[in-house]
Amino acid sequence: MIDAGGWKGLVAKIHERVQGDYVHLWQPLGSFAGNPMGVHWTGIVFGLGGVIAFGYWTTDFLVVQRAMAAKDLRSAKMAPIIASYFKMIVPLIVILPGLLALAVLPFKLVPESAVGPGLHSYNEVLPLMLARYCGPGLLGLGVTALIAGFMSGMAGNVSAFATVWTYDIYRPYIHKSGSDKHYLHVGRWCTIIGVIASIGTAYLVTHFKSIMDYMQALVSFFIAPLFATVILGMLWKRATAKGGFWGLLAGTVSSIGMYTMVVLNPATLRYIALSPDAKPMAENLYRALWSWMICVVVTVLVSLLTQPKTASELQGLVYGYTKIPSDGDLPFYKRPIFWGAGVAVVFGVLQYIFW
Amino acid sequence: MEDKVHDIPVHHEHHEMLPVWFFIGVLLLIYGVIILYTGLREYSHPAPVVLARYHASIWGGILLVVLGGFYTLRFWPRKRRP
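Note that the coordinates shown come from a computational prediction; the quantities given were computed from them, not determined experimentally.

Quick notes on the rules
- Residues numbered from 1 in each chain as written.
- Chains lettered and ligands numbered in written order.
- Predicted model: local features only at pLDDT ≥ 70, side-chain atom pairs only at ≥ 80, totals over all residues.
- Heavy atoms only, no water.
- Helix = DSSP H or I, 4+ residues; strand = E, 2+ residues; numbered from the N terminus.
- Contact = heavy atoms within 4.5 Å.
- Areas by Shrake-Rupley, 256 points an atom, 1.4 Å probe, with all protein chains shown as cover.
- Patch = residues over 30% accessible without salt bridge, like charges linked within 9 Å, V, L, I, M, F, W, Y side chains within 5 Å.
- Salt bridge = Lys/Arg side-chain N within 4 Å of Asp/Glu carboxyl O.
- Buried < 20%, exposed > 50% of the residue type's maximum accessible area, 1.4 Å probe, protein only.
- 1 Å grid on protein atoms, 1.4 Å probe; cavity = no way out; pocket = protein on both sides within 12 Å on 5 of 7 lines; lining within 4 Å.
- Points joined across faces, edges and corners; volume = space filled by probe spheres on them.
- Nonpolar A, V, L, I, M, F, W, Y, C, P; charged D, E, K, R; others polar.
- Buried area = accessible area lost by both parts, 1.4 Å probe.
- Polar contact = N/O pair within 3.5 Å; in protein donor to acceptor, adjacent residues only side chain to side chain.

(A) Inspection of the overall build of chain B at higher detail. Broken down by element type, chain B carries two helices and zero strands. Pairs at least 24 apart in sequence give 79% of the contacts found in chain B among residues at least 6 apart. Accessible surface, chain B as shown: approximately 7,200 Å² in total, 69% of it carbon and sulfur.

(B) Representation of a nonpolar patch on the surface in the model. Residues and elements named next belong to chain A. Together, M1, W7, L25, V345, V349, Y352, I353 and F354 make up an exposed nonpolar region whose accessible area comes to about 790 Å². Among the elements that take part in the nonpolar patch, helix α13 (residues 336-353) stands out by supplying four residues, more than any other. One can find I353 in helix α13. According to the relative accessible area criterion, I353 is exposed, its value standing at 52%.

(C) Examining the layout of surface pockets more closely. Residues and elements named next belong to chain A. By volume, the second largest pocket amounts to about 900 Å³. Forming the boundary of the second largest pocket are 23 residues, of which M129, L130, Y133, C134 and L138 lie nearest the centre. Taken together, the residues of the lining of the second largest pocket sort by class into 21 nonpolar, one polar and one charged.

(D) How the structure looks around the interface of chain A and chain B. In this assembly, 12 residues from chain A lie in contact with 12 residues from chain B. In terms of surface lost to chain B, no three residues of chain A exceed Y133, L138 and L141 of chain A, which account for 42% of the buried area on that side. Put simply, chain A and chain B have two residue pairs in polar contact (both at pLDDT 80 or more) between them. Residue assignment for the side of chain A that touches chain B shows that the elements contributing at least two residues are α6 (125-133) and α7 (138-174) of chain A.

(E) Spotlight on the pattern of salt bridges. Residue and element names in this part refer to chain A. Summed over the entire model, instances satisfying the criterion amount to two salt bridges over all chains. Here R132 and D3 are joined by a salt bridge, their closest N and O atoms 2.9 Å apart. A residue pair is termed long-range when its members are at least 10 positions apart, and R132 in helix α6 and D3 in the segment before α1 (6-17) qualify at 129 residues. A salt bridge links E283 to R287, with the shortest nitrogen-to-oxygen separation between them at 3.0 Å. Placement of both E283 and R287 in helix α12 (residues 280-305) is noted, with a separation of four residues, approximately one turn of the helix. Look at E283 and you get buried, because its relative accessible area is 6%.

And the structure:
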């Protein structure tokens, strides 16, 4: 920030060097052409906020497994709330260095797919900034932190993959009567295969503009429709297993179908993202929204046409049939609602500052 | 039928677990000392980085030493009173 000349200097330098508004959240979202992502506010509010973000926080196993390990309901509620305070710091680590790089790096950054000799991609911003400002020692700490962050995410995802495959797919459907030792072996092999598969998929990123585009594409394929299935299953007593299955399948297939359609014919992007000015990131957000809606519609239709479960079968599974222990006897500062309200206030203040 | 399990002598040895915060404190302290040392060396041999005059390594090193020192001392493993 000192190098860029403070916040005002940073904004001025960005405007000098690149076109588009990079420093406001909502002002440039009135039209698709008004911002570098080529997205409208409806895509951000309903696609990113309503589907992708809710889906990530409620169905991503990496997040959910932490809440599952909680000792009681209050701890389970507090886990994502505490995490959200830290998550709000992420823009300082992810977005601010990116903005600073736009302002101070002496060369132009390019998309990952356009990297050539002497060119650097957006994905290299953090190492480039570390190398620019940190001497030996601090540079090592920075690189260590980057690798530690990568390893932590990788370990969480791979263990989640091994758990879901072994407990939720392999044991109930493929090999029901194995010993604990057998399932332990399967879990370990899953870990090895998961690591190899994730190394392989990392190469797919080179076909995308940035890691964020790649991640949002995967989220729109799998998490967006899954969120629809989970939320309907939790809150709607009439939802059935067949409805959930066909809804999830329709949502996922339609999402991959929309992506394939745009890859084969980029002109069709305007139909997915509702504007000829839309860019690939906007496509991700609207694709997530469409696949969520398709999943909801198919789940509701199939559920209404199939036999519902009885109230006794849904005890403890659906919100209306589950007794939720009250935390009204706790002092206010120990209640999740208090800390959740705190998150909402900080969120509102950040929106106001960066409007 | 006799329950043989009860005949097996069981020795309960209490193992104190090292607090994870102690481990984190030691780690930060080691990092801090190394970075502070390199920062002090850079006074006479400045590193070829932008804004070297602000001596980021010294400030970063001090911060890590203070933070690591606090956690190391605060969570130093002590024997539990009988």
